[in-house]
Amino acid sequence: MYNTKKTIVAVSIAALFTGSAFAMSENSNSNAEVSAKIDGKYASNYVEIIKNADGKYLDKAVIEAILGEEATHGRNGMVGKLDPANPYSFEVDDSIDGGNHGNAQCKIPKAFVEVHESAAKNYFDDDKFVARGFGTPIAESALEKWNISVDGDGKGLPDPSVGMTIEEGAKIYVQFCAMCHGEFGEGAKGYLPLAVEEDLVTSDFTDPAPMKSVGNYWPYAVTLFDYIRRTMPFWTPNAPYIGDAGYLGMTGYILQSNYLVMDDEGTELEDDTFFNSEVLMKVNKYMPNQGNWFCDHRPVIHNERCMTNCPDEQVGWDGTGDPTKYRQARKLPDGTPQYNVPQRMHEDKPGVGHAGM
Amino acid sequence: MTDKMEEKVALQTDASRNQGRRAFLKGSAAVAGGVMFTQAAHASGGFDPKKAVAPYTGKAELTDVLQDGAARKSLGFGVRKYPYGMPSPFEKEVQRRTLEWLTPDSMASITMSPIHQLHGIITPNGLHFERFHGGVPTINPDDHRLVIHGLVERPLIFTMDDLKRFPSISRIHFVECPANGALEWKGIQLNSVQWTHGMMSCVEYTGVRLSDLLKEAGIKPEGKWIIPEGADASGMSRSLPVELAMDDCFVAYAQNGEALRREQGYPIRLVVPGCEANMWVKYLRRIMVHDVPLQHREETSKYTELMPDGTAQRFSWYMEANSVITYPSPDFKMQGPGKYYVRGLAWSGRGKVAHVDISTDGGRNWKEAHFTSVVLDKAWTRFEIEWDWDGSEAFLMSRVTDETGYVQPPMPQMRKLEGTNNVYHRTAMVTWRVHAWEDGKSGGLIENVQY
């Protein structure tokens, strides 16, 4: 059954390219030919190709029919997916700048046709909708207390008159944050560190995963203000006795602990810097790791469904095709297989390969 | 065997035992008077009933219960002993469990569902996995509101009764933490499918289509994102593009026929079928329609995947197709060579499961399993396949193909492309090593190993 179905898919795709008489007598639309390419690279009739393949937009043959024979797995394949013209791209045009960025956006790729069709049916093309009038209209001003969101562009930040010096912010930080995150953001009691200098690249896949924190990982500084005002201190979040000024001060101190800068000259935050929303937006523009982000590029893998005598690289650990080559959980010194040994022996910090959840 | 053999019945020789076992393996076994006869085996010749002693006859613990016990000789309890019913006390080991070293406190932690002890495709409400970022609030639904505002024509506030007036939908969907399987990125840590795959559940939700609610408020043309937010201490927020929100999302007030449990967001939660569970905001109280994403901490610092070259992937909403064998799994021990029904779960965040293939030789050859449950969109699907285990070492793997044509990859391939620092979305195949039956005291053990 599998083979039959697969053959049909392959045939219909082949038909799209050749437009042969055989294909016309089969199931495909006679207009289905690759007449044009998006940007000279991608089949412009991708919707048709996907439909003719029974909606299988992640099938290996379909992906190759649309992206070309050279459509590759993983990192190499990703380069194409950063191209907004690529129907498999999650990226929107204005986010591919690589430099000091605005608010990066990602989207549902065009090739995920069923999602777009469903959204069209439920919304974009639903001209028959009549409001039921359940719910009660409410003025935006009545929601001020609830509306604590600050977006990646800084919309929602307090007025620039609100703030405090970094030195004052440090005092608040020590009072409310240091017992879990350390006085200098180094982390404590298993809670997350807020400032580490760690390389995000490891040399061996068995090395502990790098610690990710504000300075070395976060793409936005505004996120920090939104998050700590929303959720911290852990036992009593969004505390009125800290207030916007206090939350800004804490934000400033954490950013200073990460040695972040606010201009091209590399000016760091000083203890007497009055930290307000304007300074925060300056730092936001110079987050060191901001250029290293990309939208979801999965699936990174588009395999064939192999049934018998599958190739060596799909069997076992090391690509030699030997199923008895595998990795086991670590053993205790007496040879007993045990699990989670590094944590139990206090060699590793607790966690799932990173600090905390 | 057992040490409680009774000499007078179990006068066995090796030959008779083996013969008995062979007959047993041929199936249609029947036990009568402590001696096993099988018609099929008899007809196939070479079977001497006089020698046939079933391997387990004479086990006192098997036959003792043939006496009528308390259940038969006295009355049980009456109605409404438990106004809200509870499982039998003999099921007390079936629990969601956590690893206390995983997080520094229990208010920002996770428990795993005992998926090796579940049957079918529905997770009971009391066994649904838990993931909290700020503990579980106990919210009075009379005091709870849902607000839709921002870039809308008409900001609206809904009571819970308002929401229940809308047309309802009921859907069975899996809900999975994207860190499910994260413990296995660097290698094997734990020998149980509850730990390796238990950060997920599958239940029936009932609620209101999000598209109905959003259209009620009327999204302005510049509204491209929705930002749902919870009423709990974590104020959980994520950013969803409007296309995703309008596809098949809904606001659920019920789970498996009753109100949501507090652990799952009582009184209401967002359901984002097929997408990572962090987006399914619990205790939902506010949906802001916005022109740009929030860049919340849970979509930048967390729930993003660090790649081997130091770049990071974000907005990875969909859960890839995935599968796991739940029996036999490392939670069980083989009971001797013979016939087994290998079964497990397969699911895909992008639609229906199309095929599940099983390998017993570490991925060289595959056989297609059949489904023993209904096959639903973005829901657990049960598969099963017959397997004759000859008692030698075996490597069990399952591989799902979903209706989009995506084929679940082996672990070395995923590791090579994605590295091991991602934390999230480890959806490659796992391998259960079945130790050979004649392997000393570890014979028949099932071990979690990694390719």
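In this report, the structure presented in the accompanying data block is examined. (Residues numbered from 1 in each chain as written. Chains lettered and ligands numbered in written order. Predicted model: local features only at pLDDT ≥ 70, side-chain atom pairs only at ≥ 80, totals over all residues. Heavy atoms only, no water.)

We now examine the interface of chain B and chain A. Counting from both sides, the interface comprises 119 residues of chain B and, opposite them, 112 residues of chain A. Put simply, aspartate 291 of chain B and lysine 155 of chain A hold a salt bridge, and the shortest N to O gap is 2.9 Å. Counting the contacts that link chain B with chain A gives 56 residue pairs in polar contact (both at pLDDT 80 or more). Examining the composition of the side of chain B that touches chain A, we find that six residues originate from one element, helix H9 (residues 411-418) of chain B, more than from any other. Class assignment for the residues of the side of chain B that touches chain A results in 48 nonpolar, 34 polar and 37 charged. Two strands pair when backbone bridges link them, and strand E6 (residues 293-295) of chain A and strand E16 (residues 312-314) of chain B are joined in this way by three bridges, in the parallel orientation. Looking across to E16 of chain B, one finds that tryptophan 293 of chain A is bridged to alanine 312 of chain B. (Contact = heavy atoms within 4.5 Å. Salt bridge = Lys/Arg side-chain N within 4 Å of Asp/Glu carboxyl O. Polar contact = N/O pair within 3.5 Å; in protein donor to acceptor, adjacent residues only side chain to side chain. Helix = DSSP H or I, 4+ residues; strand = E, 2+ residues; numbered from the N terminus. Nonpolar A, V, L, I, M, F, W, Y, C, P; charged D, E, K, R; others polar. Pairing = 2+ DSSP bridges.)

Bringing the packing of helix H7 (residues 166-176) of chain A against helix H10 (residues 243-257) of chain A into the picture now. Residues and elements named next belong to chain A. Between H7 and H10, the shortest axis-to-axis distance is 7 Å and the interhelical angle comes to 95 degrees. The angle between H7 and H10 places the two elements in the roughly perpendicular class. Two secondary-structure elements touch here, H7 through Ile166, Gly169, Ala170, Ile172 and Tyr173 and H10 through Gly246, Gly249, Met250, Gly252, Tyr253, Ile254 and Gln256. Looking at the contact of H7 with H10, its residues break down into seven nonpolar, five polar and no charged. (Axes fitted to C-alpha atoms, helices over the stretch in contact; angles between N-to-C directions. Parallel < 35°, antiparallel > 145°, perpendicular 65-115°, else oblique.)

Moving on to the pairing of strand E11 (residues 250-255) of chain B. Residue and element names in this part refer to chain B. Taking burial as the measure, the six residues of E11 include six buried ones, the bulk of the element. As paired strands, strand E8 (residues 200-209) and E11 are joined by five bridges and run antiparallel to one another. In the sheet register, glycine 207 faces E11, and the bridge partner there is alanine 252. In this structure, E11 lies alongside strand E13 (residues 269-271), joined through three bridges in antiparallel fashion. By the bridge assignment for E13, valine 251 is matched with leucine 270. Alignment of E11 against strand E12 (residues 258-259), held across two bridges, turns out to be antiparallel. (Buried < 20%, exposed > 50% of the residue type's maximum accessible area, 1.4 Å probe, protein only.)

Moving on: unusual backbone geometry. Across the junction of arginine 298 of chain A and proline 299 of chain A, the peptide omega takes the value 0 degrees, indicating a cis bond. You can see proline 299 of chain A is positioned in the loop between E6 and helix H12 (341-344). Here tyrosine 283 of chain B, not a glycine, exhibits a phi torsion of approximately 50 degrees, which is positive. Residue placement: tyrosine 283 of chain B occurs in the loop between E13 and strand E14 (284-290). Of note in the backbone geometry, lysine 378 of chain B takes a positive phi value of approximately 50 degrees without being a glycine. As for its placement among the helices and strands, lysine 378 of chain B is situated in the loop between strand E21 (370-371) and strand E22 (381-389).

As a further point, take the environment of cysteine 180 of chain A. Residue and element names in this part refer to chain A. The residue cysteine 180 is located in helix H8 (residues 178-181) in this model. Given a relative accessible area of 14%, cysteine 180 falls into the buried group. Cysteine 180 sits 13 residues away from proline 193 along the chain, and the two C-alpha atoms are 8.7 Å apart. Not counting the four nearest positions on each side in its chain, cysteine 180 is found in contact with Gly187, Ala188, Lys189 and Tyr191.

Here the structure, examined in full by the defined rule, presents nine cavities of 30 Å³ or more. Approximately 560 Å³ is the volume found for the largest cavity. As for the largest cavity, its lining consists of 38 residues, and the residues nearest its centre are His181, Leu192, Tyr227 and Met232 of chain A together with Arg297 of chain B. Per-element accounting of the lining of the largest cavity gives the leading share, four residues, to helix H9 (residues 222-231) of chain A. Tallied by class, the residues present in the lining of the largest cavity amount to 24 nonpolar, ten polar and four charged. In this structure, the second largest cavity occupies an estimated 250 Å³ of space. Lining of the second largest cavity is provided by 23 residues; of these, Arg131, His133, Arg269, Ala277 and Lys282 of chain B occupy positions nearest its centre. Across the lining of the second largest cavity, the residue classes tally to eleven nonpolar, six polar and six charged. (1 Å grid on protein atoms, 1.4 Å probe; cavity = no way out; pocket = protein on both sides within 12 Å on 5 of 7 lines; lining within 4 Å. Points joined across faces, edges and corners; volume = space filled by probe spheres on them.)

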